[in-house]
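Overview (structure and organization)
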Amino acid sequence: MRYPAVAIGAAGLVAWPWAAPPYFVFLASLVVVNAIVAIGLNLLSGYTNQLSFGHAGFLAVGAYTAAIVATRWPGVPVVVALLTAALGAALVGLLLGVPCLRLEGLYLAMATLAFGFVVVEAIVNLEWLTRGNDGLRVPTARLGPWALATDTARYYLAVLVGAAMVWAALNLVRTRTGRALLAIRESEIAAQASGVHLAKYKTLAFVISALYTGVAGGLFAFVVGFLSPDAFDVFLSVDFVAMIIVGGLGSVPGSVAGAAVLTVLNDSLAGFQNYRPLLFGALLIASMLFMPGGIASAVRRLKGG
Amino acid sequence: MLSVDDLSITFGGLTALRGFTVDVAEREILALIGPNGAGKSTVFNIVTGLYRPSSGRVTFRGRDLLALPPHAIARCGIARTFQNTEVFRRLTVLDNVLIGRHTHLSAGALRGALGLPTVAREEAAARDAARALLARLGLEDAAGLEAGSLPLGLQKRLELARALAAEPRLLLLDEPAGGLNPTETQALMEVIVRLRDAHGLTIVLVEHDMELVMGISDRIAVLNDGRKIADGKPREIAAAPVVIEAYLGGEDD
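Residues numbered from 1 in each chain as written. Chains lettered and ligands numbered in written order. Predicted model: local features only at pLDDT ≥ 70, side-chain atom pairs only at ≥ 80, totals over all residues. Heavy atoms only, no water.

This part takes up the overall build of chain B. Assigned secondary structure in chain B consists of 10 helices and 10 strands. With the principal axes as the frame, chain B shows a C-alpha extent of 60 × 40 × 35 Å. Accessible surface, chain B: about 11100 Å² in total, of which carbon and sulfur atoms supply 51%. In chain B, which carries 28 positive and 32 negative side-chain charges, the distance between the mean positions of the two groups comes to 7 Å. (Helix = DSSP H or I, 4+ residues; strand = E, 2+ residues; numbered from the N terminus. Areas by Shrake-Rupley, 256 points an atom, 1.4 Å probe, with all protein chains shown as cover. Lys, Arg positive; Asp, Glu negative; His and termini not counted. Charge placed at Lys NZ, Arg CZ, Asp CG, Glu CD.)

Right under this line is the structure:
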């Protein structure tokens, strides 16, 4: 039952660029980018119950790191640029996660919100590195002899990386580390009594979450081809939170579903700029009222009968 | 094995323990009894590192527990259950028990994420062990259910299973019979004695159910108002005038 579904999904992903017009290939790449962010955010918020309204900040760190690496060292393999983006964001996640250990709930949300603002301000002001408000052109991603110069090539890159990230996340949440994160969410005192090191795992959740978002940021840079600080504002962070709420807190497939729904919705509402927040808010409220566990638990209920 | 020496603790001016001392020998079943608010659970919370006493010492097999954080105390071989059950409500019964095995598994985040064969083997073995444990406690049919959906009696049993999954040397049970009917309590007594006999566990329990306390304890320590007022074999305790007085005085609880 499981393998055929995975095979059909994989075939669909491979065939997509032949079936869809170029713009939808680009849009699908954005879905993948957002799905990776949503998984990362879900590991932090949905699994470990640490709210973050600053993930656009991690995305920006990853995106600018990848773009700067690719600019400074022309011809650098895209894998290296993405790895650097991942490690850069993970390091920032560690630096943010340790002081945030003392914060919970609303206070943590405020601290991460502030982090998002700090990153945008840093990008604006570090002009020698980021070209500030002028924006930064991202060189074409290269993989050995190939230049990934088309939407289709970049789409396949995103899908490959995304598939690896989904696979790793599914492994992670099913093993010891994932269970430790869930235990912290459910009861900190019982988790500790079972030998779970709270500070270690809460920090680890921050680092892994930032690492995921950093990878997504690197992909975002190559997919979009141009970075400017206004792309990473607080509304993007809120979008990410909306993705995991609509998709389902504490679910990897739910993260992907939520990212897909909100990315496509955001895109189709682009023509109605003034009504976008209204429709968006209405959808979020409706989703929380009628589908409290998100898409993931709605599917689980349908399957369970 | 466990040595609690001259513990005192105050909460915002309220003294919960005053110079409480007790020693627990290997393979002993010790009951802490006393009226509500006497400080019984506070002893557990200090031993497991949740509270810091204002004075006193706690050592376990020669190690100073007051210097250790809660998760490190768990690693020393101390497991517990909670007065108001603390199961991981939205996780499955099986996952609850697997978290109990946390300290016995080795896979870190990276090895886990990469799904290495060694991790898969470790997981499979842990699942088998967890299922066997659930079967021993009569929870095998509940393995896939959400822990929060179980009736209280089963949640208590699950908490016991989770604590046992850690393969502790010392087990602290906080009101294990709370909310159980007489038949369930009888079954629980047998389980506790069997655990001691088969695994050489040392058990400290806080309990109000006198039948259980008198039936299985090797020794009983009586707390009243943060002080130990008696300590001895069940027969001695049942006859001690100070105990009778404390219980008559505290009957309103």
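All names here are of chain B. Pairing within the open sheet is mixed, and its six strands lie in the order 6-7-8-3-9-10. Edge positions in the sheet fall to strand 6 (78-80) and strand 10 (227-232), since each has one partner strand and no second. The sheet shows a mean angle of 15° between the axes of neighbouring strands, taken without regard to direction. In this structure, strand 3 (residues 29-33) lies alongside strand 9 (residues 219-224), joined through four bridges in parallel fashion. By the bridge assignment, A31 is partnered in strand 9 with I220. Lying on the sheet, helix 6 (residues 152-165) is in contact with strand 6 and strand 7 (170-174); it crosses strand 7 at an angle near 160°. Sheet contacts for helix 7 (residues 182-199): strand 3, strand 7 and strand 8 (202-206); angle to strand 8, the most-contacted strand, approximately 155°. (Pairing = 2+ DSSP bridges. Axes fitted to C-alpha atoms, helices over the stretch in contact; angles between N-to-C directions. Contact = heavy atoms within 4.5 Å.)

This part covers helix 5 (residues 105-125) of chain A. Residues and elements named next belong to chain A. Taking 1.5 Å of rise per residue, 21 residues should cover 30 Å, and helix 5 covers 31 Å from first to last C-alpha, within 8% of that figure. Buried within helix 5 are the following residues: L108, A109, T112, F115, G116, V119, V120, I123 and V124. Next to the buried residues of helix 5 lie helix 3 (55-72), helix 4 (78-100), helix 6 (127-130) and helix 10 (198-224). (Expected span 1.5 Å × (residues − 1). Buried < 20%, exposed > 50% of the residue type's maximum accessible area, 1.4 Å probe, protein only.)

For the rest of this paragraph, the subject is the environment of A:A221. Within the fold, A:A221 resides in helix 10. As a C-alpha pair, A:A221 and A:A66 span 155 residues in sequence and 7.1 Å in three-dimensional space.

Residues and elements named next belong to chain B. Taking strand neighbours across the sheet as the criterion, the four strands line up as 2-1-4-5 in an open arrangement whose pairing is antiparallel. Every other strand in the sheet has two partners, leaving strand 2 (14-24) and strand 5 (63-64) as the edge strands with one partner each. Here strand 4 (residues 55-60) runs beside strand 5; their pairing, made up of two bridges, is antiparallel. By the bridge assignment, T59 is partnered in strand 5 with D64. Against the sheet, helix 1 (residues 40-47) engages strand 1 (2-11), strand 2 and strand 4, with an angle of about 110° to strand 1.

This part takes up a nonpolar patch on the surface. All names here are of chain A. Nonpolar side chains collect at one region of the surface, where V79, L83, L143 and W146 lie side by side and expose about 410 Å² of accessible area between them. Mapping L143 onto the fold places it in strand 2 (residues 141-143). A residue is classified by how much of its surface remains accessible, and L143, at 30% relative accessible area, is partly exposed. (Patch = residues over 30% accessible without salt bridge, like charges linked within 9 Å, V, L, I, M, F, W, Y side chains within 5 Å. Salt bridge = Lys/Arg side-chain N within 4 Å of Asp/Glu carboxyl O.)

A word on the pairing of strand 2 of chain B. All names here are of chain B. As judged from the seven bridges shared by strand 1 and strand 2, these two strands associate in the antiparallel manner. Bridge pairing in strand 2 links L2 to V24. Count of turn residues in the strand 1/strand 2 antiparallel hairpin: two residues, of which G12 carries a positive phi of about 50°.

Turning next to unusual backbone geometry. We note that A:N49 has phi near 60°; this positive angle belongs to a residue other than glycine. Backbone geometry at B:D225 places phi at a positive 55°, although glycine is not the residue there. In this structure, B:D225 sits in the loop between strand 9 and strand 10. You can call B:D225 partly exposed: its relative accessible area is 45%.

Moving on: the domain arrangement of chain B. All names here are of chain B. Assigned domains of chain B: these are domain 1 (2-77 + 168-249) and domain 2 (93-161). Between the C-alpha centres of domain 1 and domain 2 there is a distance of 27 Å. Taken together, the contacts link 13 residues of domain 1 with eight residues of domain 2. Overall, the association of domain 1 and domain 2 removes approximately 730 Å² of surface from exposure, summing both partners, and the carbon and sulfur fraction of that is 62%. At the boundary of domain 1 and domain 2, one finds zero salt bridges. On the surface where domain 1 and domain 2 come into contact, there are two residue pairs in polar contact (both at pLDDT 80 or more). Going through the elements one at a time, strand 7 and helix 7 are the ones with two or more residues in the side of domain 1 that touches domain 2. For the side of domain 1 that touches domain 2, the leading source of residues is helix 7, giving four residues. Partitioned by chemical class, the residues of the side of domain 1 that touches domain 2 number seven nonpolar, three polar and three charged. (Domains from an automatic or database assignment. Buried area = accessible area lost by both parts, 1.4 Å probe. Polar contact = N/O pair within 3.5 Å; in protein donor to acceptor, adjacent residues only side chain to side chain. Nonpolar A, V, L, I, M, F, W, Y, C, P; charged D, E, K, R; others polar.)

Each partner contributes residues to the interface: chain B has 32 residues there, and chain A has 27 residues. Between chain B and chain A the total buried area reaches about 2500 Å² when both faces are included, carbon and sulfur atoms providing 61% of it. Its largest share of buried area at the contact with chain A, chain B owes to B:H71, B:F88 and B:H102, together 24% of the area lost on that side. The interface formed by chain B and chain A includes two salt bridges. For B:E123, the salt bridge is made with A:R179, and the minimal N-O distance between the two is 2.9 Å. Linking chain B with chain A are 10 residue pairs in polar contact (both at pLDDT 80 or more), by the criterion used here. Among the secondary structure elements, those contributing two or more residues to the side of chain B that touches chain A are helix 2 (70-75), strand 6, helix 3 (93-100), helix 4 (109-114) and helix 5 (117-136) of chain B. Tallied by class, residues from the side of chain B that touches chain A come to 15 nonpolar, eight polar and nine charged.

Right, let's talk about the environment of A:S268 for a bit. Within the secondary structure layout, A:S268 lies in helix 12 (residues 252-268). Within the local environment of A:S268, its side chain forms a polar contact with the backbone oxygen of A:V264, the two atoms lying 2.7 Å apart.

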